[in-house]
Amino acid sequence: MELGAYLAVSAVLFVLGMAMAAARRSLIYVLMGLELILNAANINLVAFARFKPEIGLDGQIGAIFVIILAAAEAAIGLAIVLNVYSRFGTIRPDDIDELRQ
Amino acid sequence: MFWITSLVAIVATLLAITRLNAIHALLYLIVSLLSVAVIFLQLGAPFVAAIEVIVYAGAIMVLFVFVMMVLDLGPHAVQAEGKLLPRRVWIGPGLLAAVLLVELLVPLAMGSAGPAQGEIQTVGPKEVGMELFGPYLIGVELAGFLLLAGLVGAFHLGREEGA
């Protein structure tokens, strides 16, 4: 299998993640879309690490750091979502577009 | 092999986008993450695949489930309340996950040494660890800082008002 195939799958997943973050009307889905986007980037990193010998292990290390980042991001993001829900009673981004009440 | 996996990933992601019920979407998202882990395995990166399953499909998705339980997402949650996990809820994710399982089992049945065959050389946990705690030690430290900041931030944000 060639590098291009992996990059293609990664691109498709990336676009689907963007679509999810943009199309769904709930902050939960936006966060899920972000996870998908980071995941697609991970495929790219590992695929390059595999097909470009001069990169070596760096791609996989990068993928591990991206996963760590995704974990931290999910924790903070979901805490913010919970806070928004307890304050506004909704998690639809359209309903909470005012900076102050 | 690769095409089946990527097909599963893309189909699961599409279904995750189109599901109305948040829990259904989450189930398909988990299948998508699992199939990406299988792609990593095929790329000769078993350590990253394991981390992906443990951290992404395990920890992060459990966080999502908890938050969804707390939020009790509106009419979708109400209409799903009556029928607690009917068969058609989990049959889709189950089928897609079964495809991944078969894909993992077939190379073993054919007697080859797992998915890492041909010219793909597998990079085990040892090499990754040597790299991680050698040239990338500063990155590990920074990741520790990041996780600590995430912990403190999540605690601060998730705290009850006035507690």
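A look at the overall build of chain A
(1) Moving on: A tally of helices and strands in chain A yields three helices and zero strands.
(2) Moving on: Scaling as 2.2 N^0.38, a compact globule of 101 residues should have a C-alpha radius of gyration of about 13 Å, whereas chain A reaches 17 Å, well beyond that.
(3) Moving on: Overall, chain A is about 55 × 25 × 15 Å in size when its C-alpha atoms are taken along their principal axes.
(4) Moving on: Out of the 101 residues in chain A, the part that is buried amounts to 48%.
(5) Moving on: In chain A, of all internal contacts separated by at least 6 residues, the share reaching a separation of at least 24 is 59%.
(6) Moving on: Of the side-chain charges in chain A, 7 are positive and 9 negative, and the distance between the mean point of each set is 4 Å.

Thoughts on the packing of helix α1 (residues 3–23) of chain A against helix α1 (residues 2–18) of chain B
(1) Moving on: Remark: α1(A) packs on α1(B), axes separated minimally by 10 Å, with the N-to-C direction vectors making an angle of 5°. As far as their axial angle goes, α1(B) and α1(A) are roughly parallel. Residue-level contacts link A:Ala5, A:Tyr6, A:Val9, A:Val12, A:Leu13, A:Leu16, A:Ala19 and A:Met20 of α1(A) to B:Phe2, B:Trp3, B:Ser6, B:Ala9, B:Ile10, B:Thr13, B:Leu14, B:Ala16 and B:Ile17 of α1(B).
(2) Moving on: Classifying every residue of the contact of α1(A) with α1(B) gives 15 nonpolar, two polar and no charged.

Here's the deal with a nonpolar patch on the surface
Residues and elements named next belong to chain B.
(1) Moving on: Judged by side-chain polarity, Met1, Ile4, Val99, Val102, Val106 and Met110 come together as a nonpolar surface patch covering roughly 500 Å² of accessible area.
(2) Moving on: Element by element, the count of residues in the nonpolar patch is highest for helix α5 (residues 87–109), at three residues.
(3) Moving on: Its place among the elements puts Met110 in the loop between α5 and α6 (125–132).
(4) Moving on: With relative accessibility at 59%, the residue Met110 sits in the exposed group.

Things to note about the interface of chain A and chain B
(1) Moving on: Each partner contributes residues to the interface: chain A has 49 residues there, and chain B has 60 residues.
(2) Moving on: In total, chain A and chain B occlude about 4700 Å² of area from one another, counting both sides; carbon and sulfur atoms represent 80% of this.
(3) Moving on: Where chain A packs against chain B, one counts zero salt bridges.
(4) Moving on: Taken together, the connections running from chain A to chain B amount to three residue pairs in polar contact (both at pLDDT 80 or more).

Details of the environment of A:Met18
(1) Moving on: Following the sequence through the fold, A:Met18 ends up in helix α1.
(2) Moving on: When the C-alpha positions of A:Met18 and A:Val84 are compared, they lie 22 Å apart, and in sequence the two are 66 residues distant.

A look at the confidence of the model for chain B
Residues and elements named next belong to chain B.
(1) Moving on: Confidence in the prediction for chain B averages 78 pLDDT; 78% of positions are at 70 or higher.
(2) Moving on: Confidence scores differ between elements of chain B, with helix α4 (residues 74–82) showing the lowest mean pLDDT of 53 and helix α7 (residues 137–158) the highest of 89.
(3) Moving on: Of the regions scoring below 50 in pLDDT, residues 113–117 engages in seven contacts with residues more than four places distant in sequence or in other chains.
(4) Moving on: Scoring of the predicted complex yields 0.78 for pTM and 0.86 for ipTM.

Regarding the packing of aromatic side chains
(1) Moving on: Considering all chains together, one arrives at four aromatic pairs over all chains under this definition.
(2) Moving on: With a centroid separation of 4.9 Å and 65° between ring planes, the pair formed by B:Phe2 and B:Trp3 is classed as edge-to-face.
(3) Moving on: Judged by its relative accessible area of 4%, B:Phe2 falls in the buried class.
(4) Moving on: An aromatic cluster of three or more residues is present, and its members are A:Tyr6, A:Phe51, B:Phe2 and B:Trp3.

Conventions used here
Residues numbered from 1 in each chain as written. Chains lettered and ligands numbered in written order. Predicted model: local features only at pLDDT ≥ 70, side-chain atom pairs only at ≥ 80, totals over all residues. Heavy atoms only, no water. Helix = DSSP H or I, 4+ residues; strand = E, 2+ residues; numbered from the N terminus. Rg over C-alpha atoms; globule rule 2.2 N^0.38 Å. Buried < 20%, exposed > 50% of the residue type's maximum accessible area, 1.4 Å probe, protein only. Contact = heavy atoms within 4.5 Å. Lys, Arg positive; Asp, Glu negative; His and termini not counted. Charge placed at Lys NZ, Arg CZ, Asp CG, Glu CD. Axes fitted to C-alpha atoms, helices over the stretch in contact; angles between N-to-C directions. Parallel < 35°, antiparallel > 145°, perpendicular 65-115°, else oblique. Nonpolar A, V, L, I, M, F, W, Y, C, P; charged D, E, K, R; others polar. Patch = residues over 30% accessible without salt bridge, like charges linked within 9 Å, V, L, I, M, F, W, Y side chains within 5 Å. Areas by Shrake-Rupley, 256 points an atom, 1.4 Å probe, with all protein chains shown as cover. Salt bridge = Lys/Arg side-chain N within 4 Å of Asp/Glu carboxyl O. Buried area = accessible area lost by both parts, 1.4 Å probe. Polar contact = N/O pair within 3.5 Å; in protein donor to acceptor, adjacent residues only side chain to side chain. pLDDT = per-residue confidence, 0-100. Phe/Tyr/Trp six-rings, centres within 6.5 Å; stacked < 30°, edge-to-face > 60°.

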